[in-house]
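Structure assessment
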Amino acid sequence: MIADNQSVYFLKLMTSLSSIPISKYIIAATLFIIGLLFARIISQKFESAALKHLSAHHAMLVRRFLYTLILLLFFISGLQQLGFQFGVLLGAAGVFTVAISFASQTSISNLISGIFLLIERPFKVGDVILVKNMTGKVHSIDLLSTKIVSPDNKLIRLPNESLIKTEIINLNYFPTRRLEFTVGVAYDSPLQETIAFIKDEIEKQPLALPDPQSSVDINDLQDSAIELKCCVWVELKNFKTLKTELIKQIVERLQQEGIEIPFPQVVVHQTASNVQQN
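The sections below set out a description of the structure shown in this document. What you see is a predicted model, and the numbers here were worked out from it, not measured in a lab.

Considering helix α8 (residues 239-256)
The end-to-end C-alpha distance of α8, which contains 18 residues, comes to 26 Å, matching closely the 26 Å that a straight helix rising 1.5 Å per residue would cover. Of all the positions in α8, only Phe239, Leu242, Leu246, Ile250, Arg253 and Leu254 are classed as buried. Down the axis of α8, the buried side of the element spans an arc of 90 degrees, and every buried residue falls inside it. Of the exposed residues in α8, the ones pointing more than 90 degrees away from its buried face are Lys240, Thr244, Lys248, Gln255 and Gln256. Among the structural elements, β6 (176-185), α7 (191-204) and β8 (226-235) are those in contact with the buried residues of α8. Positive backbone phi, approximately 75 degrees, marks glycine 258, located one or two places after α8.

Brief notes about the nonpolar core
Membership of the largest hydrophobic core comes to 21 residues, with the highest contact counts inside it found for Ile198 and Leu254. In this structure isoleucine 198 touches Val216, Leu228, Cys230, Ile250 and Leu254, once residues within four positions along its chain are discounted. Counting residues in each nonpolar core, the second largest holds 12 residues, with Leu117, Ile129, Leu158 and Leu163 among its members.

A look at the packing of aromatic side chains
The description of an aromatic ring pair uses the distance of the two centres, along with the angle that the planes make with each other. Per the stated rule, a full pass over the model turns up 3 aromatic pairs. With a centroid separation of 5.9 Å and an interplanar angle of 55 degrees, the aromatic rings of phenylalanine 38 and phenylalanine 74 are classed as tilted. On the criterion of sequence distance, the pair formed by phenylalanine 38 in helix α2 (residues 22-50) and phenylalanine 74 in helix α3 (residues 56-81) is long-range, its members being 36 residues apart. A relative accessible area of 41% places phenylalanine 38 in the partly exposed class. Between the aromatic rings of tyrosine 173 and phenylalanine 174, the centroid separation amounts to 5.0 Å while the plane-to-plane angle is 75 degrees, which identifies the pairing as edge-to-face. Sitting over the ring of phenylalanine 239, arginine 177 keeps its end group 4.1 Å from the ring centre.

Topic: a nonpolar patch on the surface
Together, Leu111, Ile115, Ile119, Leu143 and Leu144 line one region of the surface with nonpolar side chains, adding up to about 420 Å² of accessible area. Its location among the elements puts isoleucine 119 in helix α5 (residues 97-120).

Describing the packing of α7 against α8
Contact geometry for α7 and α8: axes closest at 10 Å, N-to-C directions at 140 degrees. Classified by the angle between their axes, α7 and α8 sit oblique to one another. Relative to α8, α7 is oriented so that their crossing is right-handed. On the side of α7, the interface is formed by Thr194, Phe197, Ile198, Asp200, Glu201, Ile202 and Lys204, while α8 contributes Leu246, Gln249, Ile250, Arg253 and Leu254.

Calculation criteria
- Residues numbered from 1 in each chain as written.
- Predicted model: local features only at pLDDT ≥ 70, side-chain atom pairs only at ≥ 80, totals over all residues.
- Heavy atoms only, no water.
- Helix = DSSP H or I, 4+ residues; strand = E, 2+ residues; numbered from the N terminus.
- Expected span 1.5 Å × (residues − 1).
- Buried < 20%, exposed > 50% of the residue type's maximum accessible area, 1.4 Å probe, protein only.
- Arc of directions from axis to C-beta.
- Contact = heavy atoms within 4.5 Å.
- Core = buried A, V, L, I, M, F, W, Y, C linked by side-chain atoms within 4.5 Å.
- Phe/Tyr/Trp six-rings, centres within 6.5 Å; stacked < 30°, edge-to-face > 60°.
- Lys NZ or Arg CZ within 6 Å of the ring centre and 35° of its normal.
- Patch = residues over 30% accessible without salt bridge, like charges linked within 9 Å, V, L, I, M, F, W, Y side chains within 5 Å.
- Areas by Shrake-Rupley, 256 points an atom, 1.4 Å probe, with all protein chains shown as cover.
- Salt bridge = Lys/Arg side-chain N within 4 Å of Asp/Glu carboxyl O.
- Axes fitted to C-alpha atoms, helices over the stretch in contact; angles between N-to-C directions.
- Parallel < 35°, antiparallel > 145°, perpendicular 65-115°, else oblique.
- Left-handed = near helix turned anticlockwise from the far one by under 90°.

Without other data, these values stay purely geometric and don't point to any function.
Now the structure itself:
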């Protein structure tokens, strides 16, 4: 019975399309094009105004909502010019119900996860996050997926369901961040003086924050060097600049003081018995 009704809906739809004059198609196409341009202009204007009062993410959601709403209204107006009856369209849409029901299971899960992300807000548009060994700047947070841009300018789409189930590191959540890096010095280096030289260079750096206090400690004993760990607090906007400048300053200072920064090497000892056998 349902299949018969759907066939009737399709026959009515095809009959109505064949009887529509070309002028109606032109009017409908014009409405679609005007709606596309109008929706884009109005939504962008509202986004610019919303940025003064809302976050970038919420302003983007306002833009997308208005864009979709305006486009839908013009789309409906165009269909009405063609004489479409929406009761017929809704009936014909029942043909796709079964297929959509199978495909929507994952979509519903992503949709619910997206709502939780919007409520919890572990990150926002513009934040740099680390997830699944991937680092990127958040480009958009949609209901089904979140898109990030990698440092080499690649767009990565992450389903919201996977984000809910995995660990996310937000590198931009706080205004300050601790910069950590290691420096390897030779085993015969005077450690106290070396640490003092590094601390002196940190104190000279104007981008390094005095509070919390920076630290230089022995981190590990490597095969070729004693590894010193340097921890410096810095404002988020100056993170990359400080890292580059500070490492450069430390290397130059240690070279001036005659302290060796060794490269990885292996020392091979040959015994007298091995020499005689050779």
